Number of protein chains: 4
Amino acid sequence: MSHNRFGKVLSVTTFGESHGPAIGCVIDGVPPGLPISAEEFEPDLTRRATGRSRHTSQRREADVVEILSGVYQGRTTGTALALLIRNVDARSKDYANIEAQFRPGHADYTYWQKYGIRDPNGGGRSSARETTMRVAAGVIAKKWLATHHSITVRGHLDQLGPLKPRQFEWSSVEDNPFFWPDASMVGELETYMDDLRKSGDSIGAGVTVVAEGVPTGWGEPIYGKLDAEIAAAMMSINAVKGVEIGAGFASITQHGTEHRDEMTPEGFLGNQAGGILGGISTGQTVRVRVAIKPTSSLRLPGRGIDANGAAVDIVTKGRHDPCVGIRATPIAEAMLALVLMDQALRHRAQCGDVGAVSPRIPAGIDLF
Amino acid sequence: MSHNRFGKVLSVTTFGESHGPAIGCVIDGVPPGLPISAEEFEPDLTRRATGRSRHTSQRREADVVEILSGVYQGRTTGTALALLIRNVDARSKDYANIEAQFRPGHADYTYWQKYGIRDPNGGGRSSARETTMRVAAGVIAKKWLATHHSITVRGHLDQLGPLKPRQFEWSSVEDNPFFWPDASMVGELETYMDDLRKSGDSIGAGVTVVAEGVPTGWGEPIYGKLDAEIAAAMMSINAVKGVEIGAGFASITQHGTEHRDEMTPEGFLGNQAGGILGGISTGQTVRVRVAIKPTSSLRLPGRGIDANGAAVDIVTKGRHDPCVGIRATPIAEAMLALVLMDQALRHRAQCGDVGAVSPRIPAGIDLF
Amino acid sequence: MSHNRFGKVLSVTTFGESHGPAIGCVIDGVPPGLPISAEEFEPDLTRRATGRSRHTSQRREADVVEILSGVYQGRTTGTALALLIRNVDARSKDYANIEAQFRPGHADYTYWQKYGIRDPNGGGRSSARETTMRVAAGVIAKKWLATHHSITVRGHLDQLGPLKPRQFEWSSVEDNPFFWPDASMVGELETYMDDLRKSGDSIGAGVTVVAEGVPTGWGEPIYGKLDAEIAAAMMSINAVKGVEIGAGFASITQHGTEHRDEMTPEGFLGNQAGGILGGISTGQTVRVRVAIKPTSSLRLPGRGIDANGAAVDIVTKGRHDPCVGIRATPIAEAMLALVLMDQALRHRAQCGDVGAVSPRIPAGIDLF
Amino acid sequence: MSHNRFGKVLSVTTFGESHGPAIGCVIDGVPPGLPISAEEFEPDLTRRATGRSRHTSQRREADVVEILSGVYQGRTTGTALALLIRNVDARSKDYANIEAQFRPGHADYTYWQKYGIRDPNGGGRSSARETTMRVAAGVIAKKWLATHHSITVRGHLDQLGPLKPRQFEWSSVEDNPFFWPDASMVGELETYMDDLRKSGDSIGAGVTVVAEGVPTGWGEPIYGKLDAEIAAAMMSINAVKGVEIGAGFASITQHGTEHRDEMTPEGFLGNQAGGILGGISTGQTVRVRVAIKPTSSLRLPGRGIDANGAAVDIVTKGRHDPCVGIRATPIAEAMLALVLMDQALRHRAQCGDVGAVSPRIPAGIDLF
């Protein structure tokens, strides 16, 4: 079962509520000997954290990671690796008025219906606060993939409501609070977000994540396909409503001659496949895109119901992101990295006897 | 692990190659007492089968199901339910010329790279032939969902390359070989497909599947979310490159006021969520859409490589569908039904003690 | 996978090293609405704790449980329930001399061989300290089984080296530090243990655990049999070398007429089966016995090897139990309770549609 | 979940009833490239088969294995490997009289109570017929362990009711129908069994299985310990009531100085541990013993109940083994081999990065 756990050989179990005493995770199956320190979690947690700019929630997440087990003298031991982050700056009083209300577009109603009980503070377990631990776990996966397979996992916002990048540079992505690959548009984005925040409304976004350097052969058909597990991992992120690999939904209007990435001894001639064929990595860049809905927590009143089933106008007072998609980039990266590392370990479990297979061609052209 | 198996309490393990002696599956965790006969598999297998019209592969799949275990005197016993279908009309000689070649856009290369060995006949395990057993297993899930929860799972093609329905009627879907909801367009589709077939090329498609009547409360956050498992199930189907729930990718450009489905005592005022919030069913129709790429098996030559790594022009001679998306409808239905039934059983495992929860509102309006 | 996790619908993931900052667990799949407080963990943790008498390790385990998540206003919410216990009184310096040595009869050598790295302090992850979290998790299982099914899970020492109880009274078990069911022998046991401690040697023990009131029907053949899962759960406890159900190894010399528990409308005429037939509970008392080896941590020198592979005489200085079996009683109870609760939830998942089945007979006679 | 499936990376799913059309299994996760043919299953299936001597059931099990998938040109492909055996010589009429009766000591009553329905013919799914597929799957595991790790898995009867071997020779085991290691006692055993058969009663037995050549490092603490998984695998075999590793229950009366296997650079000085410490293999012979109860299917009448709950004297007419333990030897071997192979694959998944670890000592002395 997998209520609070994902992954097979490398698995991550998370726990914790938005406004509870702490959040944490247990990472199981980590190969022994990997150097890791508490400080290494900081950069990605900061990238994900709220309060970094005026465009995200003003909750200050300190997010200091404590390593509780699984590391000895700075290296992983192969046993359960547990991480803990104490919650601070949790203002439960912000939620006092919604304890007896079900907000539209939120998990309030569904948790209540499923469990007959719910923790209303900050959304409890359904809060995006939980994704902090995904990012933390992803740090380990990114490091292992980098050091053992020279794989880079990175991502960027590819759409903010109606806005799309007009040019693309990886080097710009980390230089602005939007993970935006077009430096020339940052001012435009800031204006858009300022206007949006003033309006009280929110907006959706698109995020692209890629893994460069993935070798051929990862993925376990038929039901442990690499793309299937990526899809589940991405869709499990709060607010994600769609996932596509490579050409994705654009493939609906493509012809076979256009979609099939031809192969030559010099490499692939395209990457419509997004680096995955038959559920197995091709050796090309793995390309994933997710659609993130606009948050439903708004200052603008929305019709909901209260605990008695009566109609009620609901206004959200907590600190929320007008575009949750912005902070989704490091989360999606983490999930991609974790799926890849798990698949890497599983691949060598079954296929560790398979030697070098020829012919093998280079990644080739990454256009799609 | 899940190479050839999916589902938790209700699980399906499939086996068999396209041109091997047989394909089959083991369905585990089926509740006892469900009436089932071999004949009940026929309708959905026929819907999925090739050779039904000139618009799909001309391979004739007889697909006679033999129940090997798990049924006694016409009712399920709760033990492993095994189904077997012998392969007939498998023309392996069609594939003789591609045994030493890797077709572009196919799993030939990736299977070879992963395993160092592959069965080239008809694509072996990577063939869509495997989906036959998903459809067979789905028959049991559909029946259980219908008899125990009055749930209907059904689907239709929503796009065939550039063509979209201009009107929508469920009643039309089963009256044409395209699962098309607009009877007035069938002639247009036939012409399009005839032209396509003559051209030797193929085209992508979009398929929508829905489950009507799903109660609130199914789905297991955080990592067994209903939408996450649907995403994995859909993405595991051959040729699927994208999955969306409810508004899906359209939510990128939506505002929160537009996307959040407001709630009143009379029901929801929309279904942008696609029937799922926080990974749990809302009581509305569960709406899923998948993007299916155009098949890469074409009469038109494509650049590939051979076993020596040399460049080669590849022409596929086997019998293939110019639009694999057409037959994907019953497959996607089956996967949705199987995920829902598994979640239903898991929900009562954990939450069987939870009584009727109030307030509960009707499904309301299904617009999105 | 299951490195640090067991259970299916109800699962427990533990983490933490003996001398690390903390130990903890995540309990997943707990039904919502169960009242639970941090204080309720105390009694069983105290029963398991070291330092309770002079006959167990003198390490003082405070074992104060902090509930980190999954409980709201005193009741479980159905989300991940996390528990944390900070380690105190951990004297790592006791282990300084064995850091570069492999103790005979310990996991030092095997952890080193498997992982190439190990935390030597107090045995690290291989320490019985880990079982604290099993006992904590077991508190929840015991409570649910008691309140929802009127099941009692309890245990006692049934053998301490050569000593066996001469009479049996449940009421005596909790009145002495040996979990011994024969009050008349407590003085004898104390003398035996005092002599043993002085000798510097250790001794094995037998523990019996039972579950009374288990309904018929729990267990999932063929590979999720109740007895198979009990066997795994027990054998996973440190120092356990054998598990038997009902007549166990005595059944080797039994005839079928002697072993088969005959049935009458008034109930079973015996319980050689230990309450399980075909992997499913019969409605009788579930009876399990485990064999626990003598600890290998002794003041008496033993031949081992050091990090250079050289022969070395090893003397253990840490605080250890001369009979680890004594404290195993609450641990074995916890594991039995957890397996039963998991099976109960799984049974209703698959068989929740099955109504009252007749004929059903009483438990009858529990002799064996 | 694991109703009809066991194993993690290498998993086996079995199906089929005793008197249904067929039994079979799906073996998932088999490394690619392993040569295998249908003929290779014969020797072990014959060892397990009934009808081999007058001392086992007279049902003739032809047991011809058909490979349905997962093998191409004589080698495994890494995809689902499915095996099928058609049932022949199934005399369901032998069971007509017990359809409405619950036999004492059998799973009839518990299956009925759990599922509300059961297939009474030959015990349906609860029959030892199912173990045929374990043996078949075990053939693959034995072959892989032998060819990749030079491991030998073998077993023998170590007790038949009151009789124990007076001397031990592996070479004798396969030369008599009792898997008995003392050739001088075969006449004695034959007389014992003939007398037993005439009496109409049955007897229990003990079986020992060992794996020689297992490297250090296999096993996944804390809950995937090698011994824990062996315990579950053995206890899942029909009629097994107890499992012990190494010294097992004898360790109860051992002192630590006696039990702890001391280590020297030349190897271990004993093997009380049975080759496993801390749940991880030590490099010594893995030693397992199981207790097998006497069959409850007897010509001698036993008290049972009928479908109306009335008392009834039950006489079993089917063909049964007076000592089911005899044929359990190859089954226990198969289960041990399957657990070891699964653990081997899992070990390299997580610890494939760990190079040669020193110091490593030889297996040494296997006394216990």
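Residues numbered from 1 in each chain as written. Chains lettered and ligands numbered in written order. Predicted model: local features only at pLDDT ≥ 70, side-chain atom pairs only at ≥ 80, totals over all residues. Heavy atoms only, no water.

### Overview of the sheet that holds strand 17 (residues 302-306) of chain A
All names here are of chain A. Sheet architecture is open: three strands sit in the order 8-17-18, paired in antiparallel fashion. Taken across any chain shown, the strands that pair with only one partner, and hence form the sheet edges, are strand 8 (101-102) and strand 18 (311-314). Judged from the two bridges that link them, strand 8 and strand 17 form a sheet pairing that is antiparallel. In the strand pairing of strand 17, Q101 is matched with D306. (Pairing = 2+ DSSP bridges. Helix = DSSP H or I, 4+ residues; strand = E, 2+ residues; numbered from the N terminus.)

### As for the interface of chain A and chain C
Facing 43 residues of chain A, the contacting portion of chain C comprises 43 residues. For the pair chain A and chain C, the summed buried area comes to about 3400 Å², and 58% of that belongs to carbon and sulfur atoms. Ranking the residues of chain A by area buried against chain C places L68, Y72 and I117 of chain A at the top, with a combined share of 18%. Counting the contacts that link chain A with chain C gives two salt bridges. (Contact = heavy atoms within 4.5 Å. Buried area = accessible area lost by both parts, 1.4 Å probe. Salt bridge = Lys/Arg side-chain N within 4 Å of Asp/Glu carboxyl O.)

### Focus: the interface of chain A and chain B
Each partner contributes residues to the interface: chain A has 119 residues there, and chain B has 119 residues. Taking both sides of the interface into account, the surface hidden between chain A and chain B amounts to around 9300 Å²; carbon and sulfur atoms contribute 61%. Considering only the surface of chain A that becomes buried against chain B, K114, Y223 and K241 of chain A emerge as the three largest contributors, covering 10% of it. Counting every contact that joins chain A to chain B gives two salt bridges. Between R303 of chain A and E262 of chain B there is a salt bridge whose closest N-O contact spans 3.1 Å. Joining chain A to chain B, the criterion identifies 59 residue pairs in polar contact (both at pLDDT 80 or more). At seven residues, helix 2 (residues 108-115) of chain A tops the list of elements feeding residues into the side of chain A that touches chain B. Two strands pair when backbone bridges link them, and strand 11 (residues 240-245) of chain A and strand 11 (residues 240-245) of chain B are joined in this way by three bridges, in the antiparallel orientation. Of the residues in strand 11 of chain B, the one forming a bridge with V243 of chain A is V243 of chain B. (Polar contact = N/O pair within 3.5 Å; in protein donor to acceptor, adjacent residues only side chain to side chain.)

### As for the pattern of salt bridges
Between side chains of opposite charge, pairing is possible as soon as their charged atoms come close. Using the criterion set out here, one finds 96 salt bridges over all chains in the structure. R197 of chain C is paired through a salt bridge with D194 of chain C; the nearest N and O atoms lie 2.6 Å apart. Placement of the pair is R197 of chain C and D194 of chain C together in helix 5 (residues 186-199), with a separation of three residues, close to one helical turn. For D194 of chain C, a relative accessible area of 15% corresponds to the buried category. Beyond isolated ion pairs, a larger network of salt bridges with shared partners links K8, E220, E229, D342 and R346 of chain A. (Buried < 20%, exposed > 50% of the residue type's maximum accessible area, 1.4 Å probe, protein only.)

### Notes on the relation of the copies chain A and chain C
Of the transformation superimposing chain A on chain C, the axial component is 0.0 Å and the angular component is 180°, with the fit at an RMSD of 0.0 Å. Accordingly, the operation relating the two chain copies is best matched by a two-fold axis. (Least-squares fit on C-alpha atoms with pLDDT ≥ 70 in both.)

### Some thoughts on the relation of the copies chain A and chain B
The operation relating chain A to chain B is a screw motion whose rotation component is 180°, with 0.0 Å of axial translation and a residual RMSD of 0.0 Å. Of all interface residues in chain A, 100% are interface residues in chain B too; the two copies therefore contact each other through one and the same surface.

### Topic: the packing of aromatic side chains
Here the structure, examined in full by the defined rule, presents 26 aromatic pairs over all chains. With a centroid separation of 4.6 Å and 45° between ring planes, the pair formed by F6 of chain C and Y223 of chain D is classed as tilted. Of this pair, F6 of chain C sits in strand 1 (residues 5-6) while Y223 of chain D sits in the loop between strand 10 (205-212) and helix 6 (226-235), placing the two residues on different chains. Using a relative accessible area of 7% as the deciding quantity, one classes Y223 of chain D as buried. (Phe/Tyr/Trp six-rings, centres within 6.5 Å; stacked < 30°, edge-to-face > 60°.)

### A short note on the nonpolar core
Within soluble globular proteins, side chains that are nonpolar tend to cluster in buried spots. Formed by 349 residues in total, the largest nonpolar core has its most connected members in M234 of chain A, M234 of chain B, M234 of chain C together with M234 of chain D. For M234 of chain A, the residues in contact, after removing those within four places along its chain, are V209, V240, V243, V288, V290, A332, M335 and L336 of chain A. (Core = buried A, V, L, I, M, F, W, Y, C linked by side-chain atoms within 4.5 Å.)

### Description of the side chain of H259 of chain A
For H259 of chain A, the location among the structural elements is in helix 7 (residues 256-259). A polar atom in the side chain of H259 of chain A sits 2.7 Å from the side chain of Q254 of chain A. Setting aside residues up to four positions removed in sequence, H259 of chain A forms contacts with A247, S251, Q254 and Q272 of chain A together with K241, K293 and P294 of chain B.

### Overview of the pairing of strand 18 (residues 311-314) of chain C
Residue and element names in this part refer to chain C. Residue alternation in strand 18 divides its side chains into a buried set, V312 and I314, and an unburied set, A311 and D313. As judged from the four bridges shared by strand 17 (residues 302-306) and strand 18, these two strands associate in the antiparallel manner. Residue G304 lies in a different strand from strand 18, and its bridge partner there is V312. The turn joining strand 17 and strand 18, which pair antiparallel and follow one another in sequence, is formed by four residues; a positive phi near 85° is taken by G309.

### Brief notes about the pairing of strand 11 (residues 240-245) of chain C
All names here are of chain C. Taken across its six residues, strand 11 has six buried, putting it largely inside the fold. Pairing geometry for strand 11 and strand 16 (residues 286-292), over five bridges, is antiparallel. From the neighbouring strand, I245 faces strand 16, where its bridge partner is V288.

### Quick look at the sheet that holds strand 16 (residues 286-292) of chain A
Across the sheet, which stays open at both edges, the eight strands sit in the order 9(A)-10(A)-16(A)-11(A)-11(B)-16(B)-10(B)-9(B) with antiparallel pairing between neighbours. Only two strands of the sheet have a single neighbouring strand rather than two, namely strand 9 (152-160) of chain A together with strand 9 (152-160) of chain B. Strand-to-strand twist of the sheet, defined as the mean angle between neighbouring strand axes without regard to direction, takes the value 20°. Bridge count between strand 10 (residues 205-212) of chain B and strand 16 (residues 286-292) of chain B: seven bridges; the pairing is antiparallel. In the sheet register, G206 of chain B faces strand 16 of chain B, and the bridge partner there is A291 of chain B. The strands touched by helix 6 (residues 226-235) of chain A within the sheet are strand 10 (205-212), strand 11 and strand 16 of chain A together with strand 11 of chain B, with strand 11 of chain A carrying the most contacts at an inclination of about 155°. (Axes fitted to C-alpha atoms, helices over the stretch in contact; angles between N-to-C directions.)

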